[in-house]
Amino acid sequence: SLSVPDQLDILRRTRPVRGATVWLKAYCACYCTHAYIDAVRPFAARRAEIAGIQARIPPAFNVVVGTANANAYEPKNIEHVQFSLPTQMAFAVLGMGNGCKVHRDYLDGKLDMAPVLDVARGIAITEAPELEARYPGKFVADVTVAFRDGSTEHVLVEAGAACQVR
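Attention here is on the structure that accompanies the text.

Thresholds, definitions, all that
- Residues numbered from 1 in each chain as written.
- Predicted model: local features only at pLDDT ≥ 70, side-chain atom pairs only at ≥ 80, totals over all residues.
- Heavy atoms only, no water.
- Helix = DSSP H or I, 4+ residues; strand = E, 2+ residues; numbered from the N terminus.
- Contact = heavy atoms within 4.5 Å.
- Areas by Shrake-Rupley, 256 points an atom, 1.4 Å probe, with all protein chains shown as cover.
- Patch = residues over 30% accessible without salt bridge, like charges linked within 9 Å, V, L, I, M, F, W, Y side chains within 5 Å.
- Salt bridge = Lys/Arg side-chain N within 4 Å of Asp/Glu carboxyl O.
- Buried < 20%, exposed > 50% of the residue type's maximum accessible area, 1.4 Å probe, protein only.
- Axes fitted to C-alpha atoms, helices over the stretch in contact; angles between N-to-C directions.
- Parallel < 35°, antiparallel > 145°, perpendicular 65-115°, else oblique.
- Nonpolar A, V, L, I, M, F, W, Y, C, P; charged D, E, K, R; others polar.
- Pairing = 2+ DSSP bridges.
- Core = buried A, V, L, I, M, F, W, Y, C linked by side-chain atoms within 4.5 Å.
- Arc of directions from axis to C-beta.
- Polar contact = N/O pair within 3.5 Å; in protein donor to acceptor, adjacent residues only side chain to side chain.

**Side note on the overall build of the protein**
Working step 1: If you tally the helices and strands in the protein, you get eight helices and six strands.
Working step 2: Its helices and strands taken in sequence order, the protein reads α-β-α-β-α-α-α-α-α-β-α-β-β-β from the N to the C terminus.
Working step 3: For the protein, contacts bridging at least 24 residues in sequence account for 67% of all contacts bridging at least 6.
Working step 4: Looking at the protein as shown, the accessible area adds up to about 9,400 Å², and 56% of this sits on carbon and sulfur atoms.

Here it is, written out as C-alpha cells:
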C-alpha cells in the first residue's frame with residue numbers, strides 16, 4: 001500500500017483522464033431502446049388504430065433488449081423492464097412516457113402492467129443484420145406500424161433523443 005504522499009505524487013505526474021463526449025440519456029431505459037421509443041412515441045394518439053408493430057433490430061441489440069432476452073416480454077423486476085424493448089415501446093405507445101415516473105410507479109407497485117404487456121406482445125421483433133452493417137456503432141431503429149385499416153407507416157430513426165454534450 002502506498003502512503004498518501006506517494007499517492008499524491010502519482011496523481012501529480014498523471015494526466016487526468018477526460019472523455020471526449022458525454023451522453024445524457026433521455027429515458028430511464030437501456031440506450032438500445034431509445035431510438036425505438038422515439039419511433040413509436042408519435043403514434044400514442046393513434047393507439048386504438050394500431051393493429052401491430054414490427055421492430056427490426058440489430059443482432060447485438062437483440063441480445064440485450066430483444067427476443068434473445070428471456071425477460072423481454074415478461075419482465076419481473078425493474079432491470080427487466082429497463083432492458084425490455086417491447087415494454088419500453090409499449091410505455092411510449094400507451095402515452096405513459098419512458099421517464100422516471102413510469103419506472104418509479106413500477107417499483108412502487110402502482111403500475112398495472114397488464115395493458116403494458118398486452119401492447120408489448122403485439123410488438124414483433126426481427127433481427128436485421130443489415131442495420132449493423134449500414135449503421136455501424138449507431139443506435140438506430142427501424143419500425144413499421146400496421147393499422148387496423150390495412151395501412152402502414154415506416155419509421156427509421158438514425159439518432160435517438162439523447163443529448164450529446166461536448
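Next, the rest of the story.
**Things to note about a nonpolar patch on the surface**
Working step 1: Judged by side-chain polarity, Val 63, Val 64 and Phe 83 come together as a nonpolar surface patch covering roughly 230 Å² of accessible area.
Working step 2: Position of Val 63 relative to the elements: it lies in helix H3 (residues 59–65).
Working step 3: On the basis of relative accessible area, Val 63 is assigned to the exposed category, the value being 56%.

**Section: the side chain of Asp 105**
Working step 1: Within the secondary structure, Asp 105 sits in helix H6 (residues 100–107).
Working step 2: Residues in contact with Asp 105, not counting those within four places in the same chain, are Lys 110 and Leu 111.

**Focus: the packing of helix H5 (residues 85–93) against helix H7 (residues 113–121)**
Working step 1: Close contact between H5 and H7 brings their axes to 8 Å; oriented N to C, the two are set at 110°. Classified by the angle their axes make, H5 and H7 are roughly perpendicular. Facing Pro 86, Thr 87, Ala 90, Phe 91 and Val 93 of H5, the residues of H7 in contact are Met 113, Val 116, Leu 117, Val 119 and Ala 120.
Working step 2: Grouping the amino acids of the contact of H5 with H7 by side-chain chemistry returns nine nonpolar, one polar and no charged.

**Structural notes on the sheet that holds strand S4 (residues 141–147)**
Working step 1: Strand order in the open sheet made by the four strands is S3-S2-S4-S5, with mixed pairing throughout. Where the open sheet ends on each side, the last strands, each with one partner, are strand S3 (123–127) and strand S5 (152–157). Shown here is a sheet whose adjacent strand axes are inclined to one another by a mean of 20°, direction ignored.
Working step 2: Summarising the sheet, S4 and S5 pair through six bridges and their orientation is antiparallel. The residue bridging Val 145 from the neighbouring strand is Glu 153, located in S5.
Working step 3: Packed onto the sheet, H5 meets strand S2 (50–57), S3 and S4 and runs at close to 135° relative to S2.

**Thoughts on the nonpolar core**
Considering soluble globular proteins, one finds that nonpolar side chains tend to be buried as a cluster.
Working step 1: Core analysis: the largest hydrophobic core is formed by 43 residues, its most contacted members being Tyr 36, Ile 53, Leu 85, Met 89, Met 113 and Val 143.
Working step 2: Top element by residues in this core is H5. It accounts for six residues.

**Some words on the pattern of salt bridges**
Should their charged atoms come close, side chains of opposite charge can pair.
Working step 1: Summed over all chains, the structure comprises seven salt bridges.
Working step 2: Ionic pairing is found between Asp 142 and Arg 56, a salt bridge with its closest N-O pair at 2.5 Å. Taken together, the positions of Asp 142 in strand S4 and Arg 56 in strand S2 put the pair 86 residues apart, joining distant regions of the chain.
Working step 3: Classification of Arg 56 as partly exposed rests on a relative accessible area of 25%.
Working step 4: The closest approach of N and O atoms between Asp 105 and Lys 101, which form a salt bridge, is 2.8 Å.

**So, H7**
Working step 1: Restricting attention to buried positions, one finds in H7 the residues Met 113, Val 116, Leu 117, Val 119 and Ala 120. Here the buried residues of H7 occupy an arc of 160° about the axis, which is enough to place them on one side.
Working step 2: Two or three places before Ala 114, at the start of H7, stands the capping residue Asp 112, its side-chain oxygen 3.1 Å from that residue's backbone nitrogen.

**A few points about H5**
Working step 1: The buried fraction of H5 amounts to nine of the nine residues, a majority that puts the element mostly inside the structure.
Working step 2: Buried residues of H5: Leu 85, Pro 86, Thr 87, Gln 88, Met 89, Ala 90, Phe 91, Ala 92 and Val 93, and no others.
Working step 3: Note on H5: the residue one or two positions beyond its end, Gly 95, has a positive phi of about 75°.

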